[in-house]
Amino acid sequence: TIDPERTLANEEFDYVVRGEGELTFLELADGRENKEIKGLSFKKNGRIIHNEDRPFIEDLDTLPFPNRDSFLNDTRSLDVGYVSTGRGCPFSCAYCVSPKLWQRRVRLRSVSNVVDELKCLKNDYNSSIIRFVDDTFTLNKLRATEICQRIIDDHLDIKWVCDTRGDCLDDELVALMKKSGCIRIKIGVESGSNKVLKSMRKGVTLERILKAIKTIKKHGVPLTVYLLAGFPGETTEDLRQTIKFARDLDADYYSLGVLAPYYGTQVWSDLEKAGKK
């Protein structure tokens, strides 16, 4: 999606489905003329052709649930059920390709549609844990509250995990999350330096992150924090601050990554402009 031109320059590839693939790939598989398929890049007579972009799918409820029967083992169960309740992210983190992929637009499935999929996973696949794979599950706190309340009201009795941000939580929501079965919250902390967080365009401060994590720990929900080292401009002292901040957080699990300047991210563009490609 980010670089269809150079992808198709490899002789191993015939097509690139750009953006959301459900409708584009379906039309390709159905045998529609290549030139008529929005979101498709392909080769013709040695040339690479890029059709116009396909608009985002506005109503995600129109998509069927994943056909999990296609990859079940003989037990006909899935230990972990992965659920995406929406697509897109409004933030501009410099190390992330999401702003380019999703254009900072967010589309969310209805609460009823999400709950129906949860029931399907519990009743048809015996999933013991649900993993919400949204970039920020609690981005819309009111909607997250409604999902949690439906899980409780419908007696789903499930355990679940999610990723979120320090500025997208409050005391009331975390309490409800735990009551509805949340067994782990994962927070992107990244750095213990406000200077570095600002360079990352993270859009949140250490003070706000610390407040959220204190709330999580108050309610006894296990906590994972993501940390990132090696951001351009980061100093040894910045790293020391990250180590100290991480210790102070006393999380249950730490996930440490080293920066990879992926193509399509702001950090890639900045390094390229600086001649450090």
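Up top you'll find the structure we're talking about.
Values in this document were obtained by computation on a predicted structure and should not be read as measured data.

A. Expanded view of a nonpolar patch on the surface. Together, Val80, Tyr82 and Val133 line one region of the surface with nonpolar side chains, adding up to about 260 Å² of accessible area. Mapped onto the elements of the fold, tyrosine 82 is located in strand E4 (residues 80-83).

B. Layout of unusual backbone geometry. The phi dihedral of asparagine 126 falls on the positive side, at around 55°, and the residue is not glycine. Backbone geometry places glutamate 190, a non-glycine residue, at a positive phi of 75°. Among the structural elements, glutamate 190 can be located in strand E9 (residues 182-190). Of the residues examined, glutamate 190 reaches a relative accessible area of 8% and is grouped as buried.

C. Broad picture of the environment of phenylalanine 231. Note on placement: phenylalanine 231 falls in the loop between strand E10 (223-229) and helix H9 (236-249). Along the primary structure phenylalanine 231 and asparagine 113 are separated by 118 residues, whereas in three dimensions their C-alpha atoms are 39 Å apart. Other than its neighbours up to four places away in sequence, phenylalanine 231 contacts Ala94, Val196, Ser199, Met200, Leu259 and Val267.

D. Structural detail: helix H5 (residues 141-153). Its 13 residues give H5 an end-to-end C-alpha distance of 18 Å, which sits within 8% of 18 Å, the value for a rise of 1.5 Å per residue. Where H5 is concerned, the buried positions are Arg143, Ala144, Ile147, Cys148 and Ile151. All buried residues of H5 fall inside an arc of 140° around its axis, so they share one side. Buried positions along H5 lie against strand E6 (107-108), helix H4 (111-125), strand E8 (159-164) and helix H6 (171-179). Its side-chain oxygen 3.2 Å from the backbone nitrogen of leucine 142, asparagine 140 forms the N-cap of H5. At the exit of H5 stands histidine 155, carrying a positive phi of roughly 55°.

About the cut-offs
- Residues numbered from 1 in each chain as written.
- Predicted model: local features only at pLDDT ≥ 70, side-chain atom pairs only at ≥ 80, totals over all residues.
- Heavy atoms only, no water.
- Patch = residues over 30% accessible without salt bridge, like charges linked within 9 Å, V, L, I, M, F, W, Y side chains within 5 Å.
- Areas by Shrake-Rupley, 256 points an atom, 1.4 Å probe, with all protein chains shown as cover.
- Salt bridge = Lys/Arg side-chain N within 4 Å of Asp/Glu carboxyl O.
- Helix = DSSP H or I, 4+ residues; strand = E, 2+ residues; numbered from the N terminus.
- Buried < 20%, exposed > 50% of the residue type's maximum accessible area, 1.4 Å probe, protein only.
- Contact = heavy atoms within 4.5 Å.
- Expected span 1.5 Å × (residues − 1).
- Arc of directions from axis to C-beta.
- Polar contact = N/O pair within 3.5 Å; in protein donor to acceptor, adjacent residues only side chain to side chain.

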